[in-house]
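Residue-level listing of the chains:
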Amino acid sequence: MLEKRYEPKDIEKKWYDFWIEKDYFRAEAKSDKPAYCIVIPPPNITGSLHIGHALDITLQDIMIRWKRMSGFNTLWLPGTDHAGIATQNVVEKELQKQNTDRHVLGREKFIEKVWEWKKLYGGTIINQLKSIGASCDWSRERFTLDEGLSRAVKEVFVRLYEEGLIYRGEYLINWCPRCHTALSDLEVEHEDKQGKLYYIKYSFMDGNGHITVATTRPETYLGDTAVAVNPEDDRYKHLIGKKIRLPIINRDVPIIADEFVDASFGTGAVKVTPAHDPNDFDMGKRHNLPFINILTGDGKMSEEAGPYKGQDRFECRGNILKDLEETGHLEMVTDHNLAIGHCYRCKTIVEPYLSMQWFVKIKPLADEAIKAVKDGRVKIIPSGWENSYFDWMENIRDWCISRQIWWGHRIPVWYCQEMRNAECGMRNGTIVSRDEPKSCPYCGSGSLFQDDDVLDTWFSSALWPFSTLGWPDDTEDLNTFYPTSVLITGFDILFFWVARMIMMGLKFRDQEPFKHVYIHALIRDAEGQKMSKSKGNVVDPLKMTEMYGTDAFRFTLAAYAAQGRDIKFSEQRVEGYRHFLNKIWNVARFISMNVKEGEERALAVKVKNLSLADRWVLSRLSSVCSEINKALEEYRFNDAAGALYQFIWHELCDWYVEMIKPELYGDYEESKRAAFFTLVHVFEVSLALLHPFMPYITEEIWQQLPGKKEDESLCIREYPSTEDGIEDKDAEKKMNIVMDAVTCIRSIRGELNLSPSLELQALIKTSNSTENILKENITYLEKLAKAKNIEIGKEILPPKNAATAIKPAMEVFVPLEGLFDIDAEISRLSKEKIKIEEDIEYVKKKLSNEDFTSKAPQAVVEENKDKYINYLDKLQSIQNNIDKLNQWRESNE
RNA sequence: GGGCGGAUAGCUCAGUUGGGAGAGCACAGCCCUUACAAGGCUGGGGUCACAGGUUCGAGCCCUGUUCCGCCUACCA
């Protein structure tokens, strides 16, 4: 006998340990079974489980458990990401607390520190994944800085370099002055802000007059090396070639002509700062202008800033504005909206900054990745995301991959310091190598030093689907599981990660890394706001599992996961699904209460005499099985969850269990056994269907269920298919008639506020076809409608003082005697009458429209004609009853 | 600036080839009926954002408008 309440805590741990001990989650490198593989989006080692992970993990676990049960050789490959900048930041903060910093420690010692930190805290998130039931193959867990993955990174770097797809050069990149490193374009978050447009007067060198330029960043004027105008702009044509003198610092720069300048914006004259603006950079190249870097790496003004040297960039802006104003060079200031780039890790405003960096020439890789999606080798679900993917891929720019931090994959490049011969000189002493070279392969010098930079973390993540499987070695895992089956993740890393995996997978494996990409929603709070620590509106998934149990939480996430829409998370809904678990738990208790000694074996007996209820529920089960499988196949998690909820609660519990109670409590052994067998069978199959969604409670109940299958765990029971039920349309049809009759009586009871304990008599006037069905199943009516002395027949006449309910093919009368209120009943029926009259009007209009009858499909026309006849019948019945009631009333008066 | 998505019951959302709108929660009424009051039964509640169009027929397809959300962008 099961406990009165379901207590998740102990049970969850018990079964997770059991599954691990039995090694169910381990995949086979070689197997006759078809392979099914998902690589986990590796969470940061600095992270702890947030609700987005919880959704992501739940959906993956559902797919994995479903496929494992469905007979696949299933691999869910887990791991974590070293998260270069984020992790370095965390450890640096620790050092700060100890009043030291990484430069004091030195590179080697610092990295040791980070590894120590990783050992201590890096496993946190992995344990949290386990706690929500993730059935990963932990024996294959990987970390992006593992020896093996590092080898893959070097291999890829070297090969891309050798093909000319990786190059080094001095360009404008996004620079975070706080993290002290370059960022890729993607790592910059733009935020729209109300800013100012400053109009600065530049006097001509000869002292006569001036030209005004507009800028949002006045401090950069210190780096100006030209003023540009559009060559077609009549206002300025005559000034081209003239020189102006920059205020305060008195540098003389030319006025140049460039097509890029939009004459309609601002004054039509642009200050050109090649070292601090991407457009100006291009112009600088075109016109051979000097590049003056006025900033230092930590966002302060450099040597080039003259009197402003050493000032913080924003402090400097203020000072410069003041000085320009005082010297009469600030013409005016207007409001101006602009998007400002922030570092995605620390939110500091980034600077376009000129520096020497490594880049991936991305176009050739992107072209292949576009093709893979275009011709369907990679399918993105929901397909709406394909547009974004193409848009980004088609306008992609070279990827800056070097980072000026220490934690990460150090760039496998060395520089020869001596460059003893021409060959070495030709290469600028650059040595790109998989292994650390002892001496320069070109000139033999032993004086080498390695590039200081590390690679973008996403560079190693891009290799994840094959580096984790053993690449560059030719492993069995790789042959078995690559390409993987599906990648499940949020859209926020579609470009960061998904797109880059596709590029790298195609490049190095000649095959797409996954066949499907399922993009799920972002979880917001109940008001639709993005969750963030600063807003204080985060929902802690671990708290949810503690309060409601992991299963209820997981089921909630699945039920929420409709495609293409964000999730507004409400705790109430978790509570609702906890009730669902309670319901399931109680059916299990009901079953356990009805098991008697020796009955378990009887379950194996082939039962022949199935009742209508048995046949109905088995038929419903059959269609639910196919519904669930189809929904999961199409990643419609919410539909699958909804179908299970509906079936188990409202069909199995509300109808079936109630219907078989008379049999279970009765003495007729054969039908008792049939009912019990069917109940246990349907429930067992339901548990199996549910298992991927709520693994713990289903396992707990299943283990105690009589007549379960041979397997030692629900984890490895075969996933149900339509054959687990028995399709029986005839039973469904008959059952619907029985249900209609029950509903009629219940409606009368409910609408007249009669007590559920009050037994009612019922007289049912039927058509030919329904009479026998109802007569055969009269016990259901008695039980479910709490009715007695039921009379069924074609010739039934409405008794006096009876309430009436009408359904297709039946009229139900409930005599009420003293309780009967004739006026209330007339008004009840009149309401029904109005409804049906509206219906009739609607269909009549349709049918009398010749266009409809001639142009609509014949089936639709027929359907409406049938409807019309049925409506008329119903109206007739209602009218007859109203007439009768009126007669009675008159005769009583 | 470009692109994408959304607007359906009080709330959160389904709605799969266009054939008279559904669920869960909330609400109201009757019930401690021996699995379950975390429950049962019954019921009320919608101009499917707005305006046009296509069609015999539109929540669904097309055009435009408004509001909201998101992505993207080298708008000085």
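Remember, predicted model here, so these are calculated numbers, not experimental data.

Moving on: the overall build of chain A. Secondary structure assignment for chain A yields 30 helices and 29 strands. The C-alpha radius of gyration of chain A comes to 37 Å, more than 25% above the 29 Å expected for a compact globule of 893 residues. Once the C-alpha set of chain A is aligned to its principal axes, its extents read approximately 115 × 65 × 55 Å. Of all 893 residues assigned to chain A, the portion counted as buried reaches 53%. Long-range pairs, those at least 24 residues apart, make up 76% of the contacts in chain A with a sequence separation of at least 6. Here chain A has roughly 40,500 Å² of accessible surface; of this, 47% comes from carbon and sulfur atoms. Here chain A contributes 117 positively and 140 negatively charged side chains, and the mean placements of these two sets differ by 1 Å.

One can describe the packing of helix 17 (residues 541–548) onto helix 19 (residues 571–594) by two numbers: an axis separation of 10 Å at closest approach and a directional angle of 35 degrees. Handedness of the crossing formed by helix 17 with helix 19: right-handed. Of the residues in helix 19, those touching helix 17 at Met 544, Met 547 and Tyr 548 are Glu 571, Val 574, Glu 575 and Arg 578.

Below, the discussion takes up the environment of Ala 257. With respect to the helices and strands, Ala 257 occurs in strand 11 (residues 252–257). Separated by 30 residues in sequence, Ala 257 and Val 227 place their C-alpha atoms 8.5 Å apart. Residue contacts for Ala 257: discarding those within four places in its chain leaves Val 229, Pro 231, Ile 240 and His 287.

Let us look at the protein's contact with RNA strand B. Surveying the vicinity of RNA strand B reveals 66 residues, the closest of which are Arg 5, Asn 279, Arg 565, Trp 649 and Tyr 871. Among the atoms of RNA strand B close to the protein, meaning within 4 Å, 60% are from sugar or phosphate groups. The separation between a sugar or linking oxygen of RNA strand B and a polar side-chain atom of Asn 582 is 3.1 Å. Those elements that provide at least two residues to the surface near RNA strand B are strand 12 (269–272), helix 8 (278–287), helix 19, helix 22 (637–665), helix 25 (729–751), helix 28 (822–847), helix 29 (850–855) and helix 30 (858–892). For the surface near RNA strand B, the class distribution of residues is 26 nonpolar, 16 polar and 24 charged.

Let us now look at unusual backbone geometry. Here the bond from Trp 471 into Pro 472 is cis, since omega is 10 degrees, no more than 30 degrees from zero. Mapped onto the elements of the fold, Pro 472 is located in the loop between helix 14 (464–467) and helix 15 (476–481). The linkage connecting Tyr 482 with the following residue, Pro 483, adopts the cis geometry, with an omega of -5 degrees. Positive phi outside glycine occurs at Asn 99, with the angle close to 60 degrees. With a relative accessible area of 74%, Asn 99 lands in the exposed category.

Below, the discussion takes up the sheet that holds strand 5 (residues 166–176). The sheet built from four strands is open, its strands ordered 6-5-14-16 with antiparallel pairing. The sheet is open, and its two edges are formed by strand 6 (181–183) and strand 16 (399–400), each paired on a single side. The pairing of strand 5 with strand 6 spans three bridges and is antiparallel. Bridge pairing links Cys 176 to Thr 181 in strand 6.

It is worth spelling out the pattern of salt bridges at this point. If you walk through the whole model with that rule in mind, you get 56 salt bridges. Salt-bridge contacts for Asp 61 lead to Arg 554; the nearest nitrogen and oxygen are separated by 2.8 Å. Highlighted residues: Asp 61 in helix 2 (residues 51–69) and Arg 554 in helix 18 (residues 550–560), separated in sequence by 493 residues. As far as burial versus exposure is concerned, Asp 61 and Arg 554 are alike and both buried.

Bringing the side chain of Glu 512 into the picture now. Position of Glu 512 among the secondary structure elements: in the loop between helix 16 (494–509) and strand 23 (514–520). Lacking a salt bridge, the buried Glu 512 has Arg 377 as its closest oppositely charged neighbour, with an N-O distance of 4.7 Å. Every residue in contact with Glu 512, bar those within four places of it in the chain, is listed here: Arg 377, Val 378, Tyr 482, Pro 483 and Leu 506.

Time to look at the sheet that holds strand 19 (residues 430–432). One open sheet accounts for three strands, arranged 19-18-20; its pairing is antiparallel. One side of each edge strand has no neighbouring strand; the edge strands of this open sheet are strand 19 and strand 20 (448–450). Direction aside, the axes of adjacent strands within the sheet are offset by 30 degrees on average.

Counting residues in each nonpolar core, the largest one holds 214 residues, and the members touching the most others are Phe 157, Met 393, Phe 459, Met 504, Phe 569, Phe 683 and Phe 693. Looking at this core, the element that brings in the most residues is helix 22, giving 16 residues. Formed by 34 residues, the second largest nonpolar core is a distinct cluster that contains Leu 239, Ile 244, Leu 246 and Met 301.

Next up on the list: the confidence of the model for chain A. For chain A, the average pLDDT comes to 90, and 97% of its residues sit at 70 or higher. Prediction confidence for the complex, expressed as pTM and ipTM, is 0.92 and 0.94 respectively.

All told, the structure shown has 42 aromatic pairs when counted by the stated rule. Relative to Trp 406, the ring of Phe 110 lies with its centre 5.8 Å away and its plane at 70 degrees, an arrangement referred to as edge-to-face. Of this pair, Phe 110 sits in helix 5 (residues 107–121) while Trp 406 is found in the loop between strand 17 (402–403) and strand 18 (413–416), placing the two residues 296 residues apart along the sequence. Assigned by exposure class, Phe 110 and Trp 406 land together as buried. Between Phe 466 and Tyr 482 the ring centres are 6.1 Å apart and the planes differ by 85 degrees, which places this aromatic pair in the edge-to-face class. Of this pair, Phe 466 sits in helix 14 while Tyr 482 sits in the loop between helix 15 and strand 22 (484–490), placing them 16 residues apart in sequence. No difference in accessibility class separates Phe 466 from Tyr 482, as the two residues are buried. Connected via pairs of aromatic rings, a cluster forms that spans Phe 555, Tyr 577, Phe 580, Tyr 645, Trp 649 and Phe 693. Seen from the ring of Tyr 344, Arg 345 lies directly overhead, with NZ or CZ sitting 4.5 Å from the centre.

Moving on, we come to the environment of Gly 328. Within the element layout of this structure, Gly 328 appears in the loop between helix 9 (313–326) and strand 13 (330–343). Residues Gly 328 and Ile 200, 128 residues apart in the sequence, show an inter-C-alpha distance of 9.1 Å.

Before going further, it helps to examine empty space enclosed by the protein. Inspection of the entire model under this criterion finds two cavities of 30 Å³ or more. In this model, the largest cavity occupies a volume close to 50 Å³. If you trace the largest cavity, you find it lined by Pro 798, Pro 799, Ala 802, Thr 804, Phe 813, Asn 881, Lys 884, Leu 885 and Trp 888. Looking at the lining of the largest cavity, the elements that each hand over two or more residues are strand 28 (802–807) and helix 30. In terms of residues, the lining of the largest cavity owes the most to one element, helix 30, which gives four residues. For the lining of the largest cavity, the class distribution of residues is six nonpolar, two polar and one charged. Computed from the structure, the second largest cavity encloses a volume of approximately 40 Å³. Every residue along the wall of the second largest cavity is listed here: Arg 217, Glu 219, Thr 220, His 276, Ile 294, Leu 295, Arg 313 and Glu 351.

Thresholds applied
Residues numbered from 1 in each chain as written. Chains lettered and ligands numbered in written order. Predicted model: local features only at pLDDT ≥ 70, side-chain atom pairs only at ≥ 80, totals over all residues. Heavy atoms only, no water. Helix = DSSP H or I, 4+ residues; strand = E, 2+ residues; numbered from the N terminus. Rg over C-alpha atoms; globule rule 2.2 N^0.38 Å. Buried < 20%, exposed > 50% of the residue type's maximum accessible area, 1.4 Å probe, protein only. Contact = heavy atoms within 4.5 Å. Areas by Shrake-Rupley, 256 points an atom, 1.4 Å probe, with all protein chains shown as cover. Lys, Arg positive; Asp, Glu negative; His and termini not counted. Charge placed at Lys NZ, Arg CZ, Asp CG, Glu CD. Axes fitted to C-alpha atoms, helices over the stretch in contact; angles between N-to-C directions. Left-handed = near helix turned anticlockwise from the far one by under 90°. Near = heavy atom within 4 Å. Polar contact = N/O pair within 3.5 Å; in protein donor to acceptor, adjacent residues only side chain to side chain. Nonpolar A, V, L, I, M, F, W, Y, C, P; charged D, E, K, R; others polar. Pairing = 2+ DSSP bridges. Salt bridge = Lys/Arg side-chain N within 4 Å of Asp/Glu carboxyl O. Core = buried A, V, L, I, M, F, W, Y, C linked by side-chain atoms within 4.5 Å. pLDDT = per-residue confidence, 0-100. Phe/Tyr/Trp six-rings, centres within 6.5 Å; stacked < 30°, edge-to-face > 60°. Lys NZ or Arg CZ within 6 Å of the ring centre and 35° of its normal. 1 Å grid on protein atoms, 1.4 Å probe; cavity = no way out; pocket = protein on both sides within 12 Å on 5 of 7 lines; lining within 4 Å. Points joined across faces, edges and corners; volume = space filled by probe spheres on them.

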